[in-house]
Each structure stands twice: as structure tokens, then as C-alpha cells.
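# Fold and contact review
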Amino acid sequence: MKIACLLGSPRKGSCSSAIAGQLVHAAVGLGATAETFTLNDLSYRGCQGCYACKKSLDHCILNDDLTGVLEAVQEADILVMASPVYYGDITAQMKGFFDRTFSYLKPDYLTNASPSRLAPGKKMVMIQTQGHPDEKSFADIFSRYRMFLDWTGYTDCRLIRACGLSPDSSPETLAPYLDQAKLLANELLNP
Ligand SMILES: Cc1cc2nc3c(=O)[nH]c(=O)nc-3n(C[C@H](O)[C@H](O)[C@H](O)COP(=O)(O)O)c2cc1C
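Report on the accompanying structure. Residue numbers here run from 1 along each chain, matching the order of that chain's written sequence. In keeping with the model being predicted, local features are shown solely for residues with a pLDDT of at least 70 and side-chain atom pairs are shown and tallied solely at 80 or more, while totals for entire chains, interfaces and linings include all residues. In computing side-chain values, all of the structure's heavy atoms are included and hydrogens and water are not.

### Comments concerning the side chain of arginine 100
The residue arginine 100 is located in helix H4 (residues 92-100) in this model. Exposed residues in this analysis have more than 50% of their type's maximum accessible area, buried residues have under 20%, and partly exposed residues fall in between, with area computed by a 1.4 Å probe over protein chains only. Overall, the relative accessible area of 1% leaves arginine 100 in the buried class. Throughout, a residue-residue contact means that at least one pair of heavy atoms, one from each residue, lies within 4.5 Å. Among all residues touching arginine 100, those that are not within four sequence positions of it are Tyr44, Arg45, Gly46, Cys47, Cys60, Leu62, Asp64, Leu66, Thr67 and Leu70. The helix count covers DSSP runs of H or I at least four residues long, the strand count covers runs of E at least two residues long, and both are numbered beginning at the N terminus.

### Side note on the site of the ligand
For each residue, the test is whether any non-hydrogen atom lies within 4 Å of the molecule or strand; if one does, the residue is near. Residues in contact with the ligand amount to 17 residues; listed here are only the nearest, Ser9, Arg11, Ser16, Val85 and His132. Take serine 9: an N or O atom from its side chain is 2.7 Å from an oxygen atom of the ligand. Counted as a polar contact is a pair of N or O atoms within 3.5 Å, where, for protein atoms, one must be capable of donating a hydrogen and the other of accepting one, and residues adjacent in sequence contribute only when both atoms are in side chains. The separation between an oxygen atom of the ligand and a polar main-chain atom of histidine 132 is 2.8 Å. Note on areas: Shrake-Rupley with a 1.4 Å probe; residue coverage comes only from the protein chains shown. About the coverage of the ligand: the protein hides 76% of its 650 Å² of free accessible area. Across the shell around the ligand, the residue classes break down as seven nonpolar, nine polar and one charged. Note that Gly is not counted as nonpolar here; it falls among the polar residues with everything else outside the nonpolar set of Ala, Val, Leu, Ile, Met, Phe, Trp, Tyr, Cys and Pro and the charged set of Asp, Glu, Lys and Arg.

### As for the environment of isoleucine 78
Counting through the fold element by element, isoleucine 78 comes out in strand S3 (residues 78-84). Look at isoleucine 78 and you get buried, because its relative accessible area is 1%. For the pair isoleucine 78 and alanine 18, spaced 60 residues apart in the sequence, the C-alpha separation amounts to 18 Å. Contacts of isoleucine 78, omitting those with residues within four sequence positions, involve Met1, Lys2, Ile3, Ala4, Lys123, Val125, Leu188 and Leu189.

### Section: unusual backbone geometry
With the exception of glycine, most residues fall at negative phi, and the peptide bonds are largely trans. A positive phi angle is found at tyrosine 87, which is not glycine, with a value near 45°. Following the sequence through the fold, tyrosine 87 ends up in the loop between S3 and H4. In this structure, phenylalanine 138 is a non-glycine residue whose phi angle is positive, near 70°. Counting through the fold element by element, phenylalanine 138 comes out in the loop between strand S4 (123-129) and helix H5 (140-152). With a relative accessible area of 28%, phenylalanine 138 lands in the partly exposed category.

### Observations regarding the nonpolar core
Here, the term nonpolar core denotes a set of buried Ala, Val, Leu, Ile, Met, Phe, Trp, Tyr and Cys residues that are joined through side-chain atoms within 4.5 Å. In this structure, Leu6, Val73 and Phe97 are the most contacted members of the largest nonpolar core, which totals 30 residues. Put simply, the parts of the chain that give this core at least two residues each are strand S1 (2-7), helix H3 (65-75), S3, H4, S4 and H5. Looking at this core, the element that brings in the most residues is H3, giving five residues. If we skip the residues at most four places from it in the chain, valine 73 touches Ala4, Leu6, Leu79, Phe97, Tyr104, Lys122 and Tyr154. Ranked by size, the runner-up nonpolar core spans 26 residues in total, among them Leu23, Val125, Ile127 and Ala181.

### A look at the packing of aromatic side chains
Geometrically, a pair of aromatic rings is defined through the distance of the ring centres and the angle of the planes. Planes of paired rings set the category: under 30 degrees apart is stacked, over 60 is edge-to-face and the rest tilted, where pairs are Phe, Tyr or Trp rings (Trp by its six-membered ring) whose centres lie within 6.5 Å. Applying the stated rule across the entire model yields five aromatic pairs. Considering the side-chain rings of phenylalanine 102 and tyrosine 109, the 5.5 Å spacing of their centres and the 85° angle between planes classify their relative orientation as edge-to-face. The two residues phenylalanine 102 and tyrosine 109 agree in class, both being buried.

### Regarding the side chain of serine 103
Residue position: serine 103 is located in the loop between H4 and S4. Among all residues touching serine 103, those that are not within four sequence positions of it are Cys53, Lys54, Asp58, His59, Cys60, Leu70 and Arg117.

What follows is the structure, given as C-alpha cells:
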């Protein structure tokens, strides 16, 4: 099993990265291989809306630091997207990646029963951290992105949510989410 893990927080040592790191660590312990990308360290542009990936190419026309990330995600069996909530959504860094996954869709994706260029059977994990302690707040994010992930072929999507966190959150606060990440790694690798 190959994992591509994308870290969307701009903070070094962020909570979302710690949870993602635990999931990857546990999965590697179970025999997976993993590549982790800290999106904030990369230089890339958002989708240009040129539709080259629908008209003349089967990949994104842009050639920047995200090119290798898109290739790694395409090759991976499991995509991990870890992001804090920023103003009710994933971070700009993660959204920049997400828009570029438009290149994974076939030209007739709106009408094609198999709209994705990716191999079937891939799994996806979203790790969502937020400051707001109420789980009902920002519960829409996963379902909104899930709909588009479904087009791309990610029919098995999982969520780890950690609410009420801040940059000062203690290791004790994070501990249950790290445990959840370990359990999920086990579920994904030993279904
Ligand atoms: C620019 C900015 C916007 C934020 N917007 C929200 C928000 O809309 N809802 C929320 O619950 N927390 C919000 N937060 C708080 C972060 O989601 C929270 O601190 C999170 O735990 C950070 O995760 P990280 O440690 O993975 O970076 C915001 C923080 C920043 C810096």
C-alpha cells in the first residue's frame, strides 16, 4: 500500500500534521510506504481554469512543485489530506491542491459513469482540526469535499476530526486523536 500524505497547515508542528504523522507512522509499521508533502513549503499556483487537461492533455499543464504531488497522489492507494479549518474551509494551501485535482477528471466527467482518470479502489482520509469546540460547527466540510472526491474515485473516505484545538494544545489533548489515527491505519491496512 502506498500513501500520499498532504499537510495543509502552515504551522510547523501543527496538530493536524501530528495526527497525520501518527497515521502514516502506524501504517508504515504495518508495511505501507508513504510520501509526505508539507504544502506550505512548496511553490505552486492554483488551477488556471485553462481546461488543457480536458482539451489536449491528460494531466495538469502547470509544471511546478505540485506536479510531483499530483503524480504521487495518482500512484498512491491512500490519500491523506490533513488541514485545519480556516474561515470555515480547508486552508488555501490545501484548496490550491484540491483545485488542481480537476486534472484527474476525464473531459466528459459530468456525464461519464467512470469520470476519473485514476485507478479505482483508492481510499482517502481527511484530518480536520479546528478551534471551535462544537462538532456541529464546520461539519459540512468533509461532506462537501467528499462529493468531489467521489468523482475522482475515492469512494472510501474517512474522517478524523479534532475540535477545540489551538496552537497551545497539550499532548494530552491530542492523545485521543493520535489513538484514532493508529486505529484507522490498522483498519485501512487490514480491512
Ligand atoms: C486564519 C485562521 C482562520 C481560522 N478559522 C477557523 C474557523 O473558521 N473555525 C475554527 O473552528 N477554527 C479556525 N481557526 C483555528 C484553527 O483551525 C485551529 O487553531 C486549528 O487547531 C489549527 O490546526 P493546526 O494546528 O493543524 O494548524 C482559524 C485559524 C486561523 C489562523
